[in-house]
Amino acid sequence: MANLLDEETGPIREEGKDVNVIAKQIPITVGPGSTVFQVILWVLGIIPGLIFLAVKIKARNYLNQLEQKIQHDASQIDNYLEQRVVILSNLAQLVNKAVELDKTTFVAISEARSGKTPTANLSDEERNNLGSRADNISNRINVTLEAYPDLRSHGEIADAIQQNSYLQKEITAAREVYNDSVARWNQAVMTWPAKKIVAAKQGYTTRIPFIASQETKEKARGVFF
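Figured I'd write up the structure that's included with this text. Keep in mind it's a predicted model, so treat the numbers as computed, not measured.

1. Quick look at the overall build of the chain
Moving on, step 1. Secondary structure summary: the chain contains 7 helices and 0 strands in total.
Moving on, step 2. Computed over the C-alpha atoms, the radius of gyration of the chain is 24 Å, more than 25% above the 17 Å expected from 2.2 N^0.38 for a compact globule of 225 residues.
Moving on, step 3. Along the longest, intermediate and shortest principal axes, the C-alpha atoms of the chain span 80 × 50 × 25 Å.
Moving on, step 4. Expressed as a percentage of its 225 residues, the buried residues of the chain come to 31%.
Moving on, step 5. Sequence-distant contacts, at least 24 apart, represent 79% of the contacts inside the chain between residues at least 6 apart.
Moving on, step 6. Accessible area for the chain stands at about 14,600 Å²; split by element, carbon and sulfur atoms hold 55% of it.
Moving on, step 7. Charge centroids of the chain, computed over 26 positive and 26 negative side chains, lie 10 Å from each other.

2. So, the nonpolar core
Moving on, step 1. By size, the foremost hydrophobic cluster in this structure holds 45 residues, and its most contacted members are L63, V95, I137, I141, I157 and W185.
Moving on, step 2. Of all elements in the fold, only α2 (46-98), α3 (103-113), α4 (124-147), α5 (155-189) and α6 (194-202) reach the threshold of two or more residues within this core.
Moving on, step 3. With 16 residues, the single largest contributor to this core is α2.
Moving on, step 4. Beyond its immediate sequence surroundings of up to four residues, W185 is in contact with L63, L66, E67, I70, Y204, T205, T206 and R207.

3. Notes on the packing of aromatic side chains
Moving on, step 1. Enumeration over the complete set of coordinates arrives at 3 aromatic pairs.
Moving on, step 2. Judged by centre distance (5.1 Å) and plane angle (55 degrees), the ring pair of F37 and W192 falls under tilted. Note that F37 is positioned in helix α1 (residues 32-44) and W192 in the loop between α5 and α6, a separation of 155 residues in sequence.
Moving on, step 3. In this structure F37 comes out as partly exposed when scored by relative accessible area, which is 26%.
Moving on, step 4. Among the aromatic residues, those joined into a cluster by ring pairs are F37, F52 and W192.
Moving on, step 5. A cation over an aromatic ring shows up here: R127 above the ring of Y178, its NZ or CZ 5.8 Å from the ring centre.
Moving on, step 6. Above the face of the W185 ring, R207 is positioned so that its terminal group lies 4.5 Å from the ring centre.

4. Quick word on the packing of α2 against α5
Moving on, step 1. In contact at an axis separation of 9 Å, α2 and α5 are set at 160 degrees when each is read in the N-to-C sense. Judged by the angle between their axes, α2 and α5 are roughly antiparallel. For the element pair α2 and α5, the recorded crossing hand is left-handed.
Moving on, step 2. Broken down by class, the residue content of the contact of α2 with α5 amounts to 25 nonpolar, 5 polar and 8 charged.

5. With respect to α4
Moving on, step 1. A rise of 1.5 Å per residue sets the reference length of α4, with its 24 residues, at 34 Å; its end C-alpha atoms lie 35 Å apart and thus fit the reference within 8%.
Moving on, step 2. R127, N128, L130, G131, A134, I137, S138, I141, T144 and L145 are the residues of α4 that are buried.

6. Some thoughts on a nonpolar patch on the surface
Moving on, step 1. The grouping of W42, I46, I47, L50, I51, L53, V55 and I57 at the surface amounts to a nonpolar patch, some 750 Å² of accessible area in total.
Moving on, step 2. At 7 residues, the largest contribution of residues to the nonpolar patch is made by α2.
Moving on, step 3. As for its placement among the helices and strands, L50 is situated in helix α2.

7. Considerations on the packing of α3 against α4
Moving on, step 1. It is the contact of α3 with α4, at a shortest axis distance of 10 Å, that shows an interaxial angle of 160 degrees. Between α3 and α4, the interaxial angle falls into the category roughly antiparallel. For α3 against α4, the interelement crossing comes out left-handed. Residue-level inspection shows T104, T105, A108, I109, E111 and A112 of α3 in contact with α4, the latter providing L130, R133, I137, R140 and I141.
Moving on, step 2. Classifying every residue of the contact of α3 with α4 by side-chain character gives 6 nonpolar, 2 polar and 3 charged.

Basis of the calculations
For every chain, the first residue of its written sequence is number 1, and the numbers climb from 1 along that sequence. Only residues with pLDDT of at least 70 are given local features in this predicted model, and only at 80 or more are side-chain atom pairs given and counted; all residues enter the totals for whole chains, interfaces and linings. Hydrogens and water are ignored here; the side-chain numbers use all heavy atoms of the structure. Numbered from the N terminus, helices here are DSSP runs of H or I no shorter than four residues, and strands are runs of E no shorter than two. The reference for a compact globule is 2.2 Å times residues^0.38; the radius of gyration itself is calculated from the C-alpha atoms. Note on exposure labels: buried denotes an accessible area under 20% of the residue type's maximum, exposed denotes more than 50%, and partly exposed covers the range between, all computed with a 1.4 Å probe on protein chains only. For this analysis, residues touch if any pair of their heavy atoms sits within 4.5 Å. Surface accessibility follows the Shrake-Rupley procedure with a 1.4 Å probe radius. Residue values consider only the protein chains on display as shielding. Only four residue types enter the tally: Lys and Arg on the positive side, Asp and Glu on the negative side; His and the chain ends are excluded. In this description, the location of a charge corresponds to atom NZ of lysine, CZ of arginine, CG of aspartate or CD of glutamate. Among the buried residues, those of types Ala, Val, Leu, Ile, Met, Phe, Trp, Tyr and Cys that are joined through side-chain atoms within 4.5 Å form a nonpolar core. Side-chain rings of Phe, Tyr and Trp (the six-membered ring for Trp) are treated as a pair once their centres are within 6.5 Å; stacked means planes under 30 degrees apart, edge-to-face means over 60, and tilted covers the remaining angles. Ring-over charges, as used throughout, are those where CZ of Arg or NZ of Lys falls within 6 Å of the ring centre and within 35 degrees of the ring normal. Geometry is summarised by axes, namely lines fitted to C-alpha atoms with helices restricted to the contacting stretch, and by angles between N-to-C directions that run from 0 to 180 degrees. To sort the angles, those under 35 degrees are grouped as roughly parallel, those over 145 as roughly antiparallel, those from 65 to 115 as roughly perpendicular, and the leftovers as oblique. Each crossing is labelled by how the near helix is turned from the far one, with a counterclockwise turn of less than a right angle marking it left-handed and a clockwise turn marking it right-handed. For this classification, Asp, Glu, Lys and Arg are treated as charged, while Ala, Val, Leu, Ile, Met, Phe, Trp, Tyr, Cys and Pro are nonpolar and the rest, including Gly, are polar. The span expected for a helix works out to 1.5 Å for each residue beyond the first. The patches described consist of residues with a relative accessible area above 30% and no salt bridge, like charges being joined within 9 Å and nonpolar side chains (Val, Leu, Ile, Met, Phe, Trp, Tyr) within 5 Å. Salt bridges are counted wherever a side-chain nitrogen of Lys or Arg sits within 4 Å of a carboxyl oxygen of Asp or Glu.

Put into structure tokens, the structure is as follows:
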């Protein structure tokens with residue numbers, strides 16, 4: 001039997017292909033077959049029924065624990081985002097003391113800081129929006145620093161730039177952990193019979209992983225050197 005996917009004979013797409021995250025939560029549902037399956041187990045005897053009941057309890061506990069982990073992972077991102085906005089605010093103040101900084105930068109900072117705090121549990125959309133606003137503020141400050149390269153040697157400014165760079169890396173790492181947990185959740189709630197039956201009964205849906213902004217994607221395609 002030939003390989004189902006053959007990288008040597010194709011077909012191939014020479015122009016390449018871009019991919020996007022689909023921002024859609026899919027409700028978990030099961031058909032009547034799942035009910036019939038459970039009824040059959042009880043008809044076969046009390047032991048098979050009780051065994052599957054125990055399996056469902058274990059599945060429910062697993063999903064509850066995984067949901068708490070996802071919340072924890074999301075909170076980590078929120079904390080790093082809040083720290084980054086604070087660092088960028090301080091950096092903007094330092095740069096403004098040396099040169100006149102675009103006033104819209106401070107408006108953007110004010111909007112970013114006026115949002116919900118991490119303890120308020122940001123939604124996926126709010127979290128992505130806050131990350132995009134932080135990137136936008138950082139880009140505006142970098143434009144000014146490029147016009148005045150000597151400012152980068154200023155001690156406090158250099159320290160703030162380093163902290164911003166560190167937090168960017170931490171946010172990226174935290175998003176990877178969050179996406180891993182979301183992937184585990186999406187696989188689990190689609191696993192029949194026990195996990196999917198429990199997920200359907202609880203009204204669960206799939207979850208949306210981190211989505212990069214369109215602006216970030218376009219910059220990633222740009223020429224840097």
